[in-house]
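# An overview of the molecular structure
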Amino acid sequence: MNVQALIDTANALVANEKGLLAMDESTSTCNQRFAKLGIPQTEEYRRNYRELIVTTAGLGNCLNGAILADETIRQSARDGTPFVKSLNGARIIAGIKVDQGAKDLAAHPGEKITEGLDGLRERLAEYFQLGARFAKWRAVIVIGADIPSRSCIETNASTLARYAALCQEAGLVPIVEPEVLMDGAHTLAQCYAATEQTLVAVFNQLYLQRVLLEGMILKPNMVLPGIECATQQTANEVADATVKCLLRTVPAAVPGIAFLSGGQSAQLASARLNAMNVRYKSRLPWSVTFSYSRAIQQPALELWRGEEANVPAAQQALYHRAQCNTAARRGEYTVAME
Ligand code: 13P
């Protein structure tokens, strides 16, 4: 294991006040988003869409890394340039989603376990050859009546740590993503409790399984009320709860925390990240940035709708969201930017 290379990559992923883009939707998730907008659900349309993203001018001013899906890391632009090469040309590091999805956890109604450890060592070696220098694995924790269970949290934490150790062995920086979902009517306090328990379990397992904390990135949810909760806190209150939770659970050795957006609107995802950086940046041991998918891509996807003529407008919208989030990472985002 090349410890220094892992540390250098992890630091590069959160350097220069920039963030990450998740463009690693599985084929079925991408198809679902296409279907809602009437876009044909074919490999060629998915490729066209990913080309639109990677060829957006100036993206390297906002992003240090982009997370790809297995299909995408093997694809090229129409002119034959592999997507990984296009990204690297824009000074963006290529990453790869390596989990194989959240499946029902046996004996735990309503809870999930992420699969994909079988054959992972071999897949990681191939992804390194294809140019990936970091990876992502998402675990899903659901809040509901009597859940999350202790066993669901521990099983997912153990699996995340096994994945992270394998990544580091292969020279890839693991993005460790335990997502407490915002679906439902639960309160911010319930999200806080589930997130704190989850992060304690995750870092316990990362320690037990000898994961190099300096060579990884944490990708957590923000501490939020459920999307159907009647009480929706302000951006400052969300920032306070989220930072309190992270300070209690995430070791200072971790170089960066890059949030998922999780179904928040694009504007709220920017405003809440901004509030954390405005209120706490100078006091935090780690960089606090974004690794959004929907909160960067959704406006662009809605403009594109599969039409070649809409590519410039969609690229402009994508760049705008990337810029808003880069400003939020710096604590310089304002609603006037919208
Ligand atoms: P969202 O920002 O849409 O939640 O996606 C982030 C991600 O990568 C989920 O794994």
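For the structure, see preceding data.
Sequence positions are assigned chain by chain, starting from 1 and proceeding in written order. Where local features are concerned, this predicted model is filtered to residues with pLDDT of at least 70; where side-chain atom pairs are given and counted, the filter is 80 or more; whole-chain, interface and lining totals use all residues. Note that water and hydrogens are dropped before the side-chain values are worked out from all heavy atoms of the structure.

## Examining the overall build of the protein
Heads up, the rule is: In DSSP terms, a helix is any run of H or I states spanning at least four residues, a strand is any run of E spanning at least two, and both are numbered starting from the N terminus. Every radius of gyration here is taken over C-alpha atoms, with the globule rule written as 2.2 Å times N^0.38, N being the number of residues. Only protein chains enter the accessibility calculation, which uses a 1.4 Å probe; a residue is then buried when its area is under 20% of its type maximum, exposed when over 50%, and partly exposed in between.
A count of helical and extended segments in the protein gives twelve helices and ten strands. The C-alpha radius of gyration of the protein comes to 19 Å, within 12% of the 20 Å expected for a compact globule of 338 residues. Across its three principal axes, the protein shows a C-alpha extent of roughly 50 × 45 × 40 Å. With 338 residues in all, the protein has 56% of them scored as buried.

## Concerning the site of the ligand
Quick reminder of the rule: In this text, near means that some heavy atom of the residue lies within 4 Å of the molecule or strand in question. Pairing of N or O atoms within 3.5 Å defines a polar contact, subject to two protein rules: one partner must be a possible hydrogen donor and the other a possible acceptor, and residues neighboring in sequence count only if both atoms are side-chain atoms. Only the protein chains shown count as cover for residues, and the accessible areas themselves come from Shrake-Rupley with a 1.4 Å probe. Classification used: nonpolar for Ala, Val, Leu, Ile, Met, Phe, Trp, Tyr, Cys and Pro, charged for Asp, Glu, Lys and Arg, polar for all others including Gly.
Taken together, Ala22, Lys136, Arg138, Glu177, Lys219, Leu260, Ser261, Gly262, Ser291, Tyr292, Ser293 and Arg294 are the residues near the ligand. Between an oxygen atom of the ligand and a main-chain N or O atom of glycine 262, the distance comes to 2.6 Å. Alone, the ligand offers 300 Å² of accessible surface; in the complex the protein occludes 93% of this. Of all elements in the fold, only strand S6 (134-141) and strand S10 (287-292) reach the threshold of two or more residues within the shell around the ligand. Of the residues that constitute the shell around the ligand, the class distribution is three nonpolar, four polar and five charged.

## Some details on the pattern of salt bridges
The condition that has to hold: By definition, a salt bridge exists where a carboxyl oxygen of Asp or Glu is found within 4 Å of a side-chain nitrogen of Lys or Arg.
Applying the stated criterion across every chain, the model contains 20 salt bridges. A salt bridge links lysine 112 to aspartate 104, with the shortest nitrogen-to-oxygen separation between them at 2.8 Å. With relative accessibility at 62%, the residue aspartate 104 sits in the exposed group. Within this structure, Glu44, Arg47, Glu51, Arg78 and Glu308 form a network of salt bridges that share partners.

## Quick look at the pairing of strand S1 (residues 19-23)
Here is the rule: Pairing between strands is defined by DSSP: at least two bridges between the two strands are required.
Of all the five residues making up S1, five are buried; the element is thus mostly covered by neighbouring parts of the structure. One ladder, built from five bridges, connects S1 with strand S2 (residues 63-68); its direction is parallel. Considered in S2, the bridge of methionine 23 is made with leucine 68. With two bridges connecting them, S1 and S10 associate as parallel partners. Residue pairing for S10: leucine 20 is matched across the bridge by serine 291.

## Some points on the nonpolar core
We count it as follows: Take the buried residues of types Ala, Val, Leu, Ile, Met, Phe, Trp, Tyr and Cys, join any two whose side-chain atoms come within 4.5 Å, and each joined set is a nonpolar core. Throughout, a contact is declared for two residues whenever any of their heavy atoms are within 4.5 Å.
With 99 residues, the main nonpolar core has Tyr163 and Leu206 as its most contacted residues. Residue contacts for leucine 206: discarding those within four places in its chain leaves Ala161, Ala164, Val176, Val211, Leu213 and Met216. Grouped together as the second largest cluster of nonpolar side chains are 15 residues, Leu13, Ala22, Ile175 and Ala258 included.

## With respect to helix H8 (residues 188-208)
Since the α-helix turns once every 3.6 residues, residues separated by three or four places project in the same direction. Note the threshold: By this rule, a helix spans an expected 1.5 Å times one less than how many residues it contains.
Helix length check: H8, at 21 residues, gives a terminal C-alpha distance of 30 Å against a target of 30 Å (1.5 Å per residue), a fit within 8%. Residues of H8 that are buried: Leu188, Cys191, Tyr192, Ala194, Thr195, Thr198, Leu199, Ala201, Val202, Phe203, Gln205 and Leu206. Looking at the buried side of H8, the elements it contacts are S6, helix H7 (150-169), strand S7 (173-180), strand S8 (217-218) and helix H9 (235-249).

## Considerations on unusual backbone geometry
Residue proline 148 is reached from isoleucine 147 by a cis peptide bond, and omega for that bond is 15°. Within the element layout of this structure, proline 148 appears in the loop between S6 and H7. Positive phi, normally seen in glycine, also occurs at arginine 91, with a value near 60°. With respect to the helices, strands and loops of the structure, arginine 91 is situated in the loop between helix H5 (83-89) and strand S3 (93-97).

## Digging into the sheet that holds S10
Note the following rule: Note on definitions: angles span 0 to 180 degrees between N-to-C directions of axes, and those axes are lines fitted to C-alpha atoms, for helices only across the stretch in contact.
Ordered by their spatial adjacency, eight strands build a closed barrel running S1-S2-S3-S6-S7-S8-S9-S10, and the pairing between neighbours is parallel. When S3 meets S6, the two strands line up parallel, connected through three bridges. In the strand pairing of S6, lysine 97 is matched with lysine 136. Across the sheet, helix H10 (residues 266-280) is in contact with strand S9 (256-259) and S10; its angle to S10 comes to roughly 170°. Along the sheet, helix H11 (residues 294-304) contacts S1 and S10; its crossing angle with S1, the most-contacted strand, is approximately 55°.

## Details of the pairing of S10
Note the cut-off: Orient the strands so they point away from the viewer, and a crossover whose first-strand-to-second-strand path over the helix runs clockwise is right-handed.
By the criterion of burial, S10 is predominantly enclosed, with five of the six residues buried. Where S9 lies against S10, four bridges are found, and the strand directions are parallel. Its bridge partner being in S10, phenylalanine 259 is matched across the sheet by phenylalanine 290. Since S9 and S10 lie parallel, the crossover through H10 that links them has a hand, and here it is right-handed.

## Quick word on the packing of H11 against helix H12 (residues 311-330)
The cut-off we apply is this: Note on angle classes: values under 35 degrees are labelled roughly parallel, values over 145 roughly antiparallel, values of 65 to 115 roughly perpendicular, and the remainder oblique. A clockwise turn of the near helix away from the far one marks a right-handed crossing, whereas an anticlockwise turn of less than a right angle marks a left-handed crossing.
Axis separation between H11 and H12 bottoms out at 8 Å; the angle between their running directions is 165°. If you check the angle between H11 and H12, you find them roughly antiparallel. Every pair of crossing elements has a handedness; the one defined by H11 and H12 is right-handed. Contacts between H11 and H12 involve Ala295, Ile296, Gln297, Pro299, Ala300, Leu303 and Trp304 from the first element and Val311, Ala313, Ala314, Ala317, Leu318, Arg321, Ala322 and Asn325 from the second. When grouped by side-chain class, the residues that make up the contact of H11 with H12 number twelve nonpolar, two polar and one charged.

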